[in-house]
Structures are given as C-alpha cells and as structure tokens.
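Each chain is listed here by its residues.
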Amino acid sequence: MSLNIRTVALKHGLILAPMAGVTDRAYRNICRRHGAELVVTEMVSAKALHFNDQSSFELASLKPYENNSFVQLFGHEPEILSEAVTKITQSREGLITPLGIDINMGCPMKKIVNNGEGSALLKNPPLIGQIVRRLRDTTDLPLTVKIRIGWDSSSLNAVEVARIAAENGADAITVHGRTREQMYCPEVNIDAIRDVKASVDIPVIANGGINTASDAMRMLEYTKCDGVMLARGTMGNPWLFEEITACIEGRQYVYPDIDVRLSEAMTQVEEMILDKGEHTGILEARRHLSYYIKNTKGASSARHRLNFANSKEELYSIVNEFIKG
Ligand SMILES: Cc1cc2nc3c(=O)[nH]c(=O)nc-3n(C[C@H](O)[C@H](O)[C@H](O)COP(=O)(O)O)c2cc1C
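Caption draft 1: Fine view of the overall build of the chain. For the chain, the helix and strand inventory stands at 14 helices and 11 strands. The C-alpha atoms of the chain give 20 Å as radius of gyration, which agrees with the globular expectation for 325 residues (20 Å, within 12%). Each principal axis of the C-alpha atoms in the chain carries an extent, and together these give about 60 × 45 × 35 Å. Counting all 325 residues of the chain, 46% fall into the buried class. A fraction of 67% describes how many contacts in the chain between residues 6 or more apart in sequence connect residues 24 or more apart.

Caption draft 2: Summary view of the site of the ligand. Lining the immediate environment of the ligand, one finds 22 residues, of which Ala 17, Met 19, Met 43, Ala 231 and Arg 232 sit closest. Residue composition of the shell around the ligand, by class: 10 nonpolar, nine polar and three charged.

Caption draft 3: Broad picture of unusual backbone geometry. With a phi angle near 55°, Arg 6 is a residue other than glycine that sits in the positive phi range. With respect to the helices and strands, Arg 6 occurs in the loop between β1 (3–5) and β2 (8–10). Since 17 C-beta atoms lie within 10 Å of it, Arg 6 is described here as partly exposed. Of note, Met 183 is a non-glycine position whose phi angle comes to about 50°, a positive value. You can see Met 183 is positioned in the loop between β9 (172–179) and α8 (190–199). The exposure class of Met 183 is exposed, given the 12 C-beta atoms found within 10 Å.

Caption draft 4: Up close: the environment of Asn 4. The residue Asn 4 is located in strand β1 in this model. Note: C-alpha distance between Asn 4 and Leu 121 (117 residues apart in sequence) is 26 Å. Discounting residues that sit within four places of it in the chain, Asn 4 has contacts with Ala 9 and Pro 203.

Caption draft 5: Representation of the pairing of β9. Of all eight residues in β9, eight are buried; the element is thus mostly enclosed. Of the strand pairs in this sheet, strand β8 (residues 143–150) and β9 are connected by six bridges, and their pairing is parallel. Across the sheet, the residue bridging to Gly 150 is Thr 179, located in β9. Note that β9 and strand β10 (residues 204–207) share four bridges and pair parallel. Paired with Val 175 across the bridge in β10 is Ala 206. Taken together, β9, α8 and β10 form a β-α-β motif whose crossover is right-handed.

Caption draft 6: Quick look at helix α1 (residues 25–33). In terms of burial, α1 is largely enclosed, as eight of its nine residues are buried. Restricting attention to buried positions, one finds in α1 the residues Arg 25, Ala 26, Tyr 27, Arg 28, Asn 29, Ile 30, Cys 31 and Arg 32. Of the surrounding elements, those touching the buried residues of α1 are β3 (14–16), β4 (38–40), β6 (69–74), α10 (240–248) and α11 (258–276). Backbone geometry just after α1 places Gly 35 at a positive phi near 115°.

Caption draft 7: The nonpolar core, seen in detail. Within the largest apolar cluster, 90 residues are counted, with the highest numbers of intra-cluster contacts made by Ala 165, Ile 173 and Val 228. Top element by residues in this core is helix α7 (residues 158–167). It accounts for six residues. Of the residues that make up this core, three or more belong to each of domain 1 (3–248) and domain 2 (258–324). For Val 228, the residues in contact, after removing those within four places along its chain, are Gly 13, Leu 14, Ile 205, Ala 206, Ile 210, Ala 216, Met 219 and Leu 220.

Caption draft 8: Broad picture of the packing of α11 against helix α12 (residues 278–293). It is at 8 Å that the axes of α11 and α12 come closest, and there the two elements cross at 155°. The angle between the axes of α11 and α12 places the two elements in the roughly antiparallel class. Crossing angle aside, the handedness with which α11 passes α12 is right-handed. In this structure, α11 uses Arg 261, Leu 262, Ala 265, Gln 268, Val 269, Met 272, Ile 273 and Lys 276 to contact α12, whose residues at the interface are Glu 278, Thr 280, Gly 281, Glu 284, Ala 285, His 288, Leu 289 and Tyr 292. Looking at the contact of α11 with α12 residue by residue, the class counts come to eight nonpolar, four polar and four charged.

Caption draft 9: Main features of the environment of Ile 190. One can find Ile 190 in helix α8. Residue class for Ile 190 comes out partly exposed when judged on the 19 C-beta atoms lying within 10 Å of it. Residue contacts for Ile 190: discarding those within four places in its chain leaves Gly 177, Met 219, Tyr 222 and Thr 223.

The rules behind these values
- Residues numbered from 1 in each chain as written.
- Predicted model: local features only at pLDDT ≥ 70, side-chain atom pairs only at ≥ 80, totals over all residues.
- Helix = DSSP H or I, 4+ residues; strand = E, 2+ residues; numbered from the N terminus.
- Rg over C-alpha atoms; globule rule 2.2 N^0.38 Å.
- Buried ≥ 20, exposed ≤ 12 C-beta atoms within 10 Å, placed from the backbone.
- Contact = placed C-beta atoms within 7 Å.
- Near = placed C-beta within 6 Å.
- Nonpolar A, V, L, I, M, F, W, Y, C, P; charged D, E, K, R; others polar.
- Pairing = 2+ DSSP bridges.
- Right-handed = clockwise from strand over helix to strand, strands pointing away.
- Core = buried A, V, L, I, M, F, W, Y, C linked by C-beta atoms within 7 Å.
- Domains from an automatic or database assignment.
- Axes fitted to C-alpha atoms, helices over the stretch in contact; angles between N-to-C directions.
- Parallel < 35°, antiparallel > 145°, perpendicular 65-115°, else oblique.
- Left-handed = near helix turned anticlockwise from the far one by under 90°.

See below:
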C-alpha cells in the first residue's frame, strides 16, 4: 500500500495529525524520527496571516529539516485563504516552503465555528467548492482538506463534501470519523469513512480513534483508505508510527524500555525550550512528560511533581528518579 498526494509519495501513508497546542515543531520532530512519513502543523489562521500576525507566521514556519510538512490553514473566505497560501509559500530566509497545504474543515471549537470556519464549513458545501477551487488556482502544491463526517447525526454529508472537494481540485481528503456534535469522544463511524473512500477517486486518509497498530490495521482493512492520520494516540507515544510500520511490513515490534522512551522525551523537551524559551517550554513540557509516563508505576506522584516543576533541572531530576524507581 502506498499513498500518493499529487507529487508526494508515502510508502505506508502514516501521517501525524495537526493538533493545536500539541503538535509543535519538537513534537513533529520526534514523530518524524519515529516513522511519521508526513506531518501537519497546528492550524494557522488565514485571517491572522492577512493581518501579518507574527505568531501565526511562526506557526507556519518550517526549518530546512522539516521537509515532510504540510501547513494547515483555517478560514472561510476564499480570497483570504488564497492570500495566506501565497504568503506562506513565498521564500523566507532560513525557512523552507511547505510540502503541501491542508485546509481545516473539521475544527469544532465554538470560536472557530461561530466565524463560519472549521467544521461550520460542512454546512455550506458550495463554499467548500469555492475555497478549494480558489486555492487550486493559487498553488500547484499538493492541496488536501480535513473534514468530519458531518455537522451532526442528522446531516452526515461527508460523501457530498468529499465529491465537491475532489471535483474542485483537492488532491486528498482526510476524514475524521466523528461529527462536529460528537467533538472528540464517541467511537468513530468507520462506515462513514468507508463510504467516502468508495465515492471519490482521490486518496482518502482515515482519522479518529487510532491508538494501536491493530486499530490502524482494522481501519485500513475495513475502509480501504489509502493512509491513516494519527492524533491523540501519539501523545507520549511517537513509537506508534514504528509499531504500525512494523505491522504493515509483517515484522514484530518491541517497544523501547521506559528509560529510552524518557530520554527521547527529554530530547523533545530540550527542543521545545530552544524553540519557545525556558518559561513556555517548561510549562508545556509538564503535560507532554505526563503522557510519556502514563500507565506506568509511580506515574501519579511523578505527574503531581511535574506540575510544579519550574526548571529544566527539576524536570530532569523527576524523570531520572522516576526511571530509577
Ligand atoms: C488538542 C487537540 C488539538 C487539535 N487541533 C487540531 C487542528 O489544529 N487542526 C485539525 O484539523 N484538527 C485538530 N484536532 C483534531 C485531530 O487532528 C484529530 O482529527 C482528532 O483528534 C481525532 O483523532 P484521534 O481520535 O486519533 O485523536 C485536534 C485535536 C486535539 C485533541
């Protein structure tokens, strides 16, 4: 099985999902090192790029080694989105342009949908067509959309939306198998994902509830999708990509021991601190490290101590004591 998105070829179609506030550069790096074939940035506001907001440009900025990255944009105005694509694909010193562009059509957050963006777009399929067409005319880069299966259970329209996106020039579609109403919790509707795959000729990537290699295999086999996008299942577990790769290739996979895992986690923390500065880096590292120790002996007291750590040294000391314990 392989996944081809216009000019991008992935051997197994294993993609790291965009997660705002989670999949920063350091997170994407550790996933890339452990088998993510493609990674997507946190969502970036097209409107904020229009107003030249520097932090949004930073979210969309890619260093030279990040050459398997798509940038995800959100917005609802075709012109503003087109301008954003033009801005982020212009060359900037020391940075590379994205490998492709993904458009967010699934975010359920109130402040986004109240603006007609994210999953609110599912209520307006003709606008989805206009957006994709406008962006197709703007760029030759691979262009993908990430949708949900509908707004709510009475409006499951992923097939209609996927067809419109494909007709207007999208190169692939990711389907998160939940409605906006369901947010992030219930079981995913894999039949709805399978229906999308059966109804369009462009590649379809399945997303939602993939937390183990067997989840991924079941998803791929049942939906016949061309790839899978992993989100929360990778939190504290970037090795999930390696495990799925091994499973697809028919190999055994043995997870590294906790000391190796935590030493990798600290590499991620070091990168976060380099990128965001000590203060923000440490605050955010607390949550990431908690995921790395989840479900292991002594996790709850270590997590409690992590919540109060204020320096890199403290983080190292908690992690080292945890390993010894
Ligand atoms: C904290 C968090 C942030 C997210 N941010 C984004 C985002 O920026 N763009 C997007 O398309 N989806 C976002 N998502 C949705 C995920 O990409 C994914 O579709 C969803 O979590 C379902 O996959 P999962 O069940 O494997 O976690 C986010 C999810 C979470 C939990």
